[in-house]
Amino acid sequence: MAPVRRRKRTGSPHPLITSQRGASLTITNAAHAMPEGGSLRLHTIRLDDEVAISVSDTGRGMPPEIQDRIFEPFFTTKQVGEGTGLGLSIGLGIVREHGGRITVESQVGQGSTFTVWLPAERI
Ligand SMILES: Nc1ncnc2c1ncn2[C@@H]1O[C@H](COP(=O)(O)OP(=O)(O)OP(=O)(O)O)[C@@H](O)[C@H]1O
Ligand SMILES: [Mg+2]
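Residues numbered from 1 in each chain as written. Chains lettered and ligands numbered in written order. Predicted model: local features only at pLDDT ≥ 70, side-chain atom pairs only at ≥ 80, totals over all residues.

1. Notes on the site of ligand 1
So, step 1. In the vicinity of ligand 1 lie 21 residues, with Asn29, Ala33, Thr76, Gly83 and Gly87 positioned nearest.
So, step 2. Elements supplying a minimum of two residues to the shell around ligand 1: helix H1 (15–32) and helix H3 (87–97).
So, step 3. A per-element tally of the shell around ligand 1 places H3 first, with 3 residues.
So, step 4. Residue classes in the shell around ligand 1 are distributed as 8 nonpolar, 10 polar and 3 charged. (Near = placed C-beta within 6 Å. Helix = DSSP H or I, 4+ residues; strand = E, 2+ residues; numbered from the N terminus. Nonpolar A, V, L, I, M, F, W, Y, C, P; charged D, E, K, R; others polar.)

Listed below in structure tokens is the structure:
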């Protein structure tokens, strides 16, 4: 009998799914950054060669030394058992596979904006 071959998975998710995933993980982080509530704003951006979704919160924000580390695998400021620290590192990996990037702007005590950028020609 011929051996059963596992079918290789081909292709990666559509860029729209990638951008939606990127946005959803940043929305989850934004909610965690506003334990007492706040405002969450989503914007879509269309440039000539890029499209983006930005997620802005009015949460605790991050100092520069934390911002420098948030894309490292397993980097988290959450309590043990509350966060794996993998959300942004995996999210950035997937976005980069599509030729995209994630930018961050943040001020301590003011809030943060995460923007997921993807090349427009792939959409
Ligand atoms: N919107 C935000 N406001 C403030 N800090 C943030 C925000 N988003 C991310 N961070 C910081 O970045 C860290 C890493 O985020 P990441 O999503 O990779 O992991 P996590 O949220 O800690 O855990 P999980 O793997 O469950 O997502 C967070 O622990 C937090 O310190
Ligand atoms: Mg997270």
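2. Considering the sheet that holds strand E2 (residues 50–57)
So, step 1. If you walk across this open sheet you meet the 4 strands as E1-E2-E4-E3, and the pairing is antiparallel. Sheet topology places strand E1 (40–46) and strand E3 (101–107) at the edges, where each strand pairs with a single neighbour. Each neighbouring strand pair of the sheet contributes to a mean axis angle of 15°, computed without reference to strand direction.
So, step 2. Direction of pairing for E2 relative to strand E4 (residues 111–119): antiparallel, over a ladder of 8 bridges. Residue Glu50 lies in a different strand from E4, and its bridge partner there is Pro119. (Pairing = 2+ DSSP bridges. Axes fitted to C-alpha atoms, helices over the stretch in contact; angles between N-to-C directions.)

3. Comments concerning unusual backbone geometry
So, step 1. With a phi angle near 70°, Phe74 is a residue other than glycine that sits in the positive phi range.
So, step 2. Within the element layout of this structure, Phe74 appears in the loop between helix H2 (64–67) and H3.

4. Considering the pairing of E4
So, step 1. Examined bridge by bridge, E3 and E4 share 7 bridges and lie antiparallel to one another. Residue pairing in the sheet places Ile102 in a bridge with Val116 of E4.
So, step 2. Hairpin connection between E3 and E4: a loop of 3 residues separates the two successive antiparallel strands, and Gly109 in this loop has a positive phi of roughly 80°.

5. Some details on H3
An α-helix turns once every 3.6 residues. As a result, residues three or four positions apart point the same way.
So, step 1. Where H3 is concerned, the buried positions are Leu88, Gly91 and Val95. Along the axis of H3, the buried positions cluster into a sector of 65°, meaning they face one direction only. In H3, those exposed residues whose orientation departs by more than 90 degrees from the buried face are Gly93, Arg96 and Glu97.
So, step 2. In this structure, the buried side of H3 is in contact with H1, E3 and E4. (Buried ≥ 20, exposed ≤ 12 C-beta atoms within 10 Å, placed from the backbone. Arc of directions from axis to C-beta. Contact = placed C-beta atoms within 7 Å.)

6. Examining the packing of H1 against H3
So, step 1. Close contact between H1 and H3 brings their axes to 10 Å; oriented N to C, the two are set at 160°. Between H1 and H3, the angle is such that the two are roughly antiparallel. Where H1 crosses over H3, the handedness of that crossing is left-handed. Of H3, the residues touching H1 (which contributes Thr18, Arg21, Gly22, Leu25 and Asn29) are Gly87, Gly91, Ile94 and Val95.
So, step 2. Taken together, the residues that form the contact of H1 with H3 break down as 3 nonpolar, 5 polar and 1 charged. (Parallel < 35°, antiparallel > 145°, perpendicular 65-115°, else oblique. Left-handed = near helix turned anticlockwise from the far one by under 90°.)

7. Focus on the environment of Leu47
So, step 1. Looking at where Leu47 falls in the secondary structure, it is placed in the loop between E1 and E2.
So, step 2. Expressed as a C-alpha distance, the spacing of Leu47 and Ala120, which sit 73 residues apart in the sequence, is 8.0 Å.

8. A few points about the confidence of the model for the protein chain
So, step 1. Averaged over all residues, the pLDDT of the protein chain is 89; the fraction at 70 or higher stands at 89%.
So, step 2. Mean pLDDT across the elements of the protein chain bottoms out in H1 (82) and peaks in H2 (98). (pLDDT = per-residue confidence, 0-100.)

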